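# Report on the structure
Okay, here's what each chain looks like letter by letter:
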Amino acid sequence: MSAATPPGRHGLEDLLTLMAVLRDPQYGCPWDLKQDYASLVPHTLEEAYEVADVIERAAADAEVLDELPAELGDLLFQGVFYAQIASEQQRFDFHDVIHVLTEKMLRRHPHVFPDGTLASRREGIATHEVDTGSLNAQWETLKQQESGEPSASQAADVSVLDGVPLGLPALTRAAKLSKKASRSGFDWPDTAGVLDKIREELGEVEEALAEGDEAHAREEVGDLLFAVVNLARTLKADPEQQLRATNARFASRFRHVEAAIAAEGRSLKEASLAEMDAHWDEAKRRERAASQSESLEDGSSNARAVTPLVR
């Protein structure tokens, strides 16, 4: 497998050169020169979400994937930017980033690269025969080994929750914290226990509101959200992805309500809540009908696809 740059196309070295020029004190871009590690973080998060946005919108329209190269490029550029700043400080450069990443992935995939080299390959076991449960445990063990054993002075401060970044979106961080705690046995025995906890937290919100204590109610809403995140974890669902999907459904349905009311020659302020609810329900019915239609089409397509294998 060759990684050579195709003729007439820009390659990695071109990108690194471009970044160096953008940061050149004499010839560079004023905005790029002002940036530092901290100022880039919001842009990095935004670019990551834009990649996610393309992938999620592509579920409804595969043509959207044509936008993915540009968004992946924007995300890649963030890494190049950080590395350029570090290079100017003589800390590391982008080649160090590539080297460290490759070495780490080789260490973490001994089931693929048994000798820890790119040239080595697993023999005698097909990919579908690999025990994924053992792989997950092995992955976590290797990650712990990489982080190193804590010193005696640090031992008292060590927690199983260490390593969960503070900067993660709150839903994602909640899921990771609860997942780490669950590995130590701190978890409900089944989904029913999580549902009971959600009802308990909701009851505490209602109690605080009944007492007129809004500050306490806000605190309990946080507990309620955390409990719901745990339910998502037990269902093997990513809470961030699930909420983004719900956001998309809400936006689609609300736009339907807006369009329906506008088609009647009125604004939303002129419509009653009952009228808006009726249009909302109509949007939901259309979604279900479209979903059922797609399921039937997928089923027919899949049936046609597997027929030759049966023969």
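For the structure, see preceding data.
Residues numbered from 1 in each chain as written. Predicted model: local features only at pLDDT ≥ 70, side-chain atom pairs only at ≥ 80, totals over all residues. Heavy atoms only, no water.

Further remarks concern the overall build of the protein. The helix and strand tally for the protein stands at 12 helices and zero strands. A compact globule built from 311 residues would reach a C-alpha radius of gyration of about 19 Å, whereas the protein, at 26 Å, exceeds it by more than 25%. For the protein, buried positions account for 20% of its 311 residues. Long-range contacts, defined as pairs at least 24 residues apart, comprise 53% of the intrachain contacts of the protein with a sequence gap of at least 6. When the accessible area of the protein is evaluated, it comes to approximately 22,000 Å², of which 57% is carbon and sulfur surface. The positive charge centre, built from 33 side chains, and the negative charge centre, built from 56, are 3 Å apart in the protein. (Helix = DSSP H or I, 4+ residues; strand = E, 2+ residues; numbered from the N terminus. Rg over C-alpha atoms; globule rule 2.2 N^0.38 Å. Buried < 20%, exposed > 50% of the residue type's maximum accessible area, 1.4 Å probe, protein only. Contact = heavy atoms within 4.5 Å. Areas by Shrake-Rupley, 256 points an atom, 1.4 Å probe, with all protein chains shown as cover. Lys, Arg positive; Asp, Glu negative; His and termini not counted. Charge placed at Lys NZ, Arg CZ, Asp CG, Glu CD.)

Take unusual backbone geometry next. With a phi angle near 60°, Gln90 is a residue other than glycine that sits in the positive phi range. Along the chain, the position of Gln90 falls in the loop between α4 (68-88) and α5 (94-108). With relative accessibility at 74%, the residue Gln90 sits in the exposed group. Its identity is not glycine, yet Lys236 carries a phi of approximately 60°, on the positive side. Examined against the element boundaries, Lys236 turns out to sit in the loop between α10 (214-234) and α11 (239-263).

Quick look at the packing of aromatic side chains now. Considering all chains together, one arrives at five aromatic pairs under this definition. Look at Tyr37 and Tyr82: their rings are 6.5 Å apart centre to centre, the planes differ by 10°, and that puts the pair in the stacked class. Residue Tyr37 is found in helix α3 (residues 37-57), and its partner Tyr82 is found in helix α4; the two are separated by 45 residues along the sequence. Counting every residue linked through ring pairs, the aromatic cluster contains Trp31, Phe77 and Phe81. (Phe/Tyr/Trp six-rings, centres within 6.5 Å; stacked < 30°, edge-to-face > 60°.)

As a further point, take α3. For α3, which comprises 21 residues, the first-to-last C-alpha distance of 30 Å matches the rise-based estimate of 30 Å (1.5 Å per residue) to within 8%. What α3 keeps buried is the set Leu40, Thr44, Glu47, Val51, Ala52 and Val54. In this fold, the buried residues of α3 make contact with α4 and α11. Between the side-chain oxygen of the N-cap and the backbone nitrogen of Ala38 there are 3.2 Å, and the N-cap of α3 in question is Asp36. (Expected span 1.5 Å × (residues − 1). Polar contact = N/O pair within 3.5 Å; in protein donor to acceptor, adjacent residues only side chain to side chain.)

Attention now moves to α5. Helix length check: α5 (15 residues) gives 21 Å between terminal C-alpha atoms against 21 Å at 1.5 Å per residue, within 8%. Taken residue by residue, α5 has Phe94, Leu106 and Arg108 as its buried positions. For α5, the arc enclosing every buried residue in end-on projection is 170°, short of the 170-degree limit, so these residues lie on one face. Measuring from the side-chain oxygen of the N-cap residue of α5 to the backbone nitrogen of His95 gives 3.1 Å; that N-cap residue is Asp93. (Arc of directions from axis to C-beta.)

Here we come to a nonpolar patch on the surface. Taken together, the side chains of Tyr37, Phe92 and Val97 define a hydrophobic patch exposed on the protein surface, amounting to about 220 Å² of accessible area. Within the fold, Val97 resides in helix α5. What makes Val97 partly exposed here is its relative accessible area of 34%. (Patch = residues over 30% accessible without salt bridge, like charges linked within 9 Å, V, L, I, M, F, W, Y side chains within 5 Å. Salt bridge = Lys/Arg side-chain N within 4 Å of Asp/Glu carboxyl O.)

We now examine the nonpolar core. Formed by Leu16, Met19, Leu40, Val80, Phe81, Ala83, Ile85 and Phe94, the largest nonpolar core amounts to eight residues. Among the secondary structure elements, those contributing two or more residues to this core are α1 (12-22) and α4. At four residues, α4 tops the list of elements feeding residues into this core. (Core = buried A, V, L, I, M, F, W, Y, C linked by side-chain atoms within 4.5 Å.)

So, on to the side chain of Arg108. By the secondary structure assignment, Arg108 is in helix α5. Here Arg108 is in contact with Trp139, Leu142, Lys143 and Glu146, once residues within four sequence places are set aside.

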